[in-house]
Amino acid sequence: MLDTIKKNVKKVMAWTGVGFAAAVLIAPVSHAQTREADSESAEAGYSRRGADTCLACHDDRHINAIFLTPHGNPNDARTPFAPGQLQCEACHGPGGAHTGRRDRGESRVPMPLFAKGSSASVEEQNAVCAGCHTQQLGHGWFGSVHETEGRACVECHNVHAEQDPVLSRNNQAEVCYTCHQEQEAQFEKAYAHPVRFGSMTCSSCHNPHDSAAAEGSLNRVTLNQQCYECHAEFRGPFVWEHAPVSEDCSLCHDPHGSNHPALLVKRPPLLCQSCHSQAGHPSVLYTERSVENANINVVAGSCLNCHAQVHGSNHPSGPKLSR
Ligand code: HEC
Ligand code: HEC
Ligand code: HEC
Ligand code: HEC
Ligand code: HEC
Ligand code: HEC
Ligand code: HEC
Ligand code: HEC
Ligand code: HEC
Ligand code: HEC
């Protein structure tokens, strides 16, 4: 595979697509785009032999693994390794003095981007990635929570890995947990969405690139729409509605996980009593004056014994959510 790629390596630097990414940082490229290929690359400090130059010193397996990813596909004209593209330097910037020999004791000039010692900012580095990925990112990335928090694409993405962990259902959460420890604890609770088992993951509900569509960077416009995607049976409309259900599932459920069955924020009757007043029918059952009733109902399912259809009922004679 490497051999094919190396054969394809021709330093024709006229392709303008990468111009965007590079031009953000390296002005000479955009000025020089119409000039003859080799002199341009020399002027901009790009290596004449592209990846071959780099691989002469960097032939580690974990670096080479990039050739097994979509980025390494030479047959896709948009990738860094397509003929005429800048290869390693499409991301790392022009090699320039970094690639040369150095005297004993002399320190090597760092690569401009994605390298220890590089002075590039997060914005500059993100611009390189975003320059080729405008389509996938849409308009959402700019202004998203992660973008405004100054997070880097490469804090989530590992482009050298054969399989980018954040794109895999089994490994994504671990990447997110490096920053979101509170959420890790929630998914460890006794009742939780099955992220731990890899049958779903964070991006089943969230779009980490886009916060504009919905509060909480959800994939769907509202929290309830997000839940209906998989729990359509609660969408309604119901003949007998329970007002909070169509309003916001998270009034009763913790979307990540909880220590109460069914991911409830509290157990009934406390859950129910957080909205239904102490006075009148319901709580008469749970005052000091009716301890016996209370015990029976708490043990055996509490309010749900009689109000079994807590999400709403379509039964003709099911008012008060009773059947
Ligand atoms: C002559 C050998 C040589 C060549 C050619 C070379 N490098 Fe390096 N590179 C090194 C060495 C050695 C280091 C380790 C850092 C140091 O010694 O300063 C390094 C470090 C790096 C790093 C930073 C590693 C880190 O841990 O952050 C990156 C990225 C990098 N090189 C990319 C490239 C790319 C891309 C090319 C081709 C344009 C290239 N190198 C060409 C020798 C070379
Ligand atoms: C699609 C963009 C992209 C391309 C193409 C690319 N790299 Fe990288 N490279 C990165 C990023 C991102 C990092 C990690 C930076 C970080 O974690 O902060 C990295 C890290 C490195 C490192 C240091 C990490 C380590 O584990 O030692 C080296 C060396 C390196 N790249 C060399 C290369 C070489 C050689 C090529 C060409 C064969 C290449 N890169 C192509 C984006 C790229
Ligand atoms: C020269 C253009 C270019 C640059 C620069 C570039 N990419 Fe890509 N990237 C591509 C193309 C093309 C694909 C393949 C897209 C496809 O298959 O639809 C791709 C694929 C990806 C994928 C999907 C990989 C997979 O396994 O499915 C991710 C994630 C990604 N790029 C992230 C990044 C990040 C992060 C950076 C910056 C470090 C970056 N890209 C820089 C062109 C680029
Ligand atoms: C907070 C973590 C995070 C950050 C930061 C992030 N991404 Fe992603 N990215 C993801 C996740 C998770 C997915 C998978 C989404 C899915 O499966 O629906 C993804 C998917 C992608 C894909 C599509 C891969 C495919 O196969 O469809 C590309 C391309 C990509 N990201 C590029 C970028 C670029 C470029 C940046 C920076 C501008 C960036 N990402 C920043 C987490 C992140
Ligand atoms: C490098 C650190 C970092 C990583 C990795 C990271 N995040 Fe974040 N994320 C943040 C910061 C900082 C915030 C803003 C403060 C907060 O809400 O905790 C944030 C906020 C969020 C929010 C709330 C967004 C909103 O609109 O209110 C969600 C959802 C989120 N992240 C999901 C993810 C997912 C999913 C992943 C993994 C694919 C991930 N994050 C990876 C740092 C990170
Ligand atoms: C079943 C859907 C679902 C899954 C899976 C999911 N989340 Fe969430 N997440 C939500 C909902 C709903 C909210 C609340 C959004 C709101 O505030 O409107 C939320 C909120 C958040 C917030 C913001 C918390 C705050 O207090 O503002 C972060 C951060 C977050 N999720 C991270 C993650 C991470 C990391 C993962 C994966 C480990 C994940 N989520 C998986 C549905 C989900
Ligand atoms: C991507 C699909 C998906 C989305 C979106 C989703 N869920 Fe789930 N939900 C599941 C799966 C899968 C289970 C586990 C079912 C099982 O274990 O049998 C589950 C379980 C549950 C349970 C516990 C069921 C039980 O038997 O204890 C509750 C409650 C729940 N989800 C509520 C929600 C809420 C509220 C939302 C919106 C914030 C939501 N779900 C979004 C897939 C989803
Ligand atoms: C008023 C509180 C309340 C609201 C609001 C609510 N639920 Fe529930 N939900 C419950 C209770 C209580 C249970 C436990 C029922 C039981 O044990 O029989 C439950 C159980 C569940 C279950 C697992 C059991 C089953 O019947 O499959 C799912 C899934 C679920 N709810 C999803 C949702 C979704 C989706 C929404 C929003 C559309 C929602 N809930 C809104 C109180 C609520
Ligand atoms: C977030 C607040 C909230 C929670 C929690 C809540 N409810 Fe309600 N409930 C309401 C509202 C609002 C109404 C509508 C009141 C009205 O129309 O006057 C309602 C109505 C009802 C009704 C009357 C329905 C009808 O057809 O008239 C019953 C029965 C009921 N709730 C039972 C429960 C039970 C049982 C629980 C606990 C599992 C519960 N509620 C939890 C807010 C809540
Ligand atoms: C033994 C069965 C039973 C139990 C247990 C029970 N209820 Fe009821 N509930 C009823 C019946 C029957 C009605 C209808 C009364 C009526 O129409 O006058 C009702 C009516 C209601 C109403 C509607 C009141 C109105 O004014 O329309 C609410 C709200 C309610 N219950 C909440 C609760 C809550 C909260 C609990 C647990 C703390 C609970 N119920 C436990 C049987 C029960």
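Since the structure is predicted, the reported quantities are computational estimates derived from the model, not experimental observations. (Residues numbered from 1 in each chain as written. Chains lettered and ligands numbered in written order. Predicted model: local features only at pLDDT ≥ 70, side-chain atom pairs only at ≥ 80, totals over all residues. Heavy atoms only, no water.)

Undergrad: Please explain the nonpolar core as it appears in this structure.
TA: The nonpolar side chains of a soluble globular protein tend to be buried with one another. Core analysis: the biggest nonpolar cluster contains seven residues, these being A51, C54, L55, I66, F67, F81 and C88. Examining the composition of this core, we find that three residues originate from one element, helix α5 (residues 51–55), more than from any other. In this structure, A173, Y177, V195 and C202 belong to the second largest nonpolar core, which totals six residues. (Core = buried A, V, L, I, M, F, W, Y, C linked by side-chain atoms within 4.5 Å. Buried < 20%, exposed > 50% of the residue type's maximum accessible area, 1.4 Å probe, protein only. Helix = DSSP H or I, 4+ residues; strand = E, 2+ residues; numbered from the N terminus.)

Undergrad: Any chance you could explain the environment of R48 here in plain terms?
TA: As for its placement among the helices and strands, R48 is situated in the loop between α4 (37–44) and α5. Each C-alpha atom of the pair R48 and G95 lies 9.8 Å from the other, and the pair is 47 residues apart in sequence.

Undergrad: Just checking my understanding: could you explain the packing of aromatic side chains for this structure?
TA: Here a ring pair, both rings aromatic, is described through the centre-centre distance and the interplanar angle of the planes. One pass over the full model with this rule turns up one aromatic pair. Consider the rings of F67 and F81, whose centres lie 4.8 Å apart with planes at 65 degrees: the pair is edge-to-face. Placement of F67 in the loop between α6 (61–64) and α7 (88–92) and of F81 in the loop between α6 and α7 is noted, with a sequence separation of 14 residues between them. On the basis of relative accessibility, which here comes to 4%, the residue F67 falls in the buried class. (Phe/Tyr/Trp six-rings, centres within 6.5 Å; stacked < 30°, edge-to-face > 60°.)

Undergrad: Can you walk me through unusual backbone geometry in this structure?
TA: Negative phi characterises most residues that are not glycine, and trans characterises most peptide bonds. In this model, G236 is joined to P237 through a cis peptide bond whose omega is 0 degrees. Structurally, P237 can be placed in the loop between α14 (223–228) and α15 (243–247). In this model, P268 is joined to P269 through a cis peptide bond whose omega is 5 degrees. With respect to the helices, strands and loops of the structure, P269 is situated in the loop between β2 (257–258) and α16 (270–273). Look at Q87: it is not a glycine, yet its phi comes out positive at around 60 degrees. Counting through the fold element by element, Q87 comes out in the loop between α6 and α7. Judged by its relative accessible area of 3%, Q87 is buried.

Undergrad: Can you help me understand the coordination of the iron atom of ligand 1 in this one?
TA: At this site the iron atom of ligand 1 is bound by H58 (NE2) and H98 (NE2), with donor distances of 2.0 Å. The coordination sphere of the iron atom of ligand 1 comprises six donor atoms, whose angles at the metal cover 87 to 178 degrees; the geometry is octahedral. Within this pair, whereas H58 is found in the loop between α5 and α6, its partner H98 is found in the loop between α7 and α8 (122–132), the two being separated by 40 residues in sequence. (Donors = N, O, S within 2.8 Å, 3.2 Å for Na, K, Ca; no water. Tetrahedral: all angles 85-135°; square planar, octahedral: opposite > 155°, others 65-115°.)

Undergrad: I would appreciate a short explanation of the site of ligand 8 in the present structure.
TA: The environment of ligand 8 is made up of 16 residues, and the closest members are F234, C249, C252, H253 and H311. Measuring from a nitrogen atom of ligand 8, one finds a side-chain N or O atom of H253 at 2.8 Å. H311 is positioned with one of its side-chain polar atoms (N or O) 2.8 Å from a nitrogen atom of ligand 8. The set of elements that each furnish at least two residues to the shell around ligand 8 consists of α14 and α15. Top element by residues in the shell around ligand 8 is α14. It accounts for three residues. Considered class by class, the residues forming the shell around ligand 8 number eleven nonpolar, five polar and no charged. (Near = heavy atom within 4 Å. Polar contact = N/O pair within 3.5 Å; in protein donor to acceptor, adjacent residues only side chain to side chain. Nonpolar A, V, L, I, M, F, W, Y, C, P; charged D, E, K, R; others polar.)

Undergrad: Whenever I open this one, the coordination of the iron atom of ligand 2 confuses me. Can you help?
TA: Around the iron atom of ligand 2, the protein contributes the donor atoms H92 (NE2) and H160 (NE2), at 2.0 Å from the metal centre. In this structure, the iron atom of ligand 2 is surrounded by six donor atoms whose angles at the metal cover 89 to 179 degrees, and the resulting shape is octahedral. Taken as a pair, H92 in helix α7 and H160 in the loop between α11 (153–156) and α12 (172–177) lie far apart in primary sequence, 68 residues in all.

Undergrad: Hey, could you run me through the side chain of Q125 in this one?
TA: Here Q125 lies in helix α8. Engagement of the side chain of Q125 in a polar contact is seen with the backbone nitrogen of F114, the distance being 2.6 Å. Beyond its immediate sequence surroundings of up to four residues, Q125 is in contact with L113, F114, S118 and A120. (Contact = heavy atoms within 4.5 Å.)

Remember that the coordinates give geometry; whether it matters functionally is a separate question.
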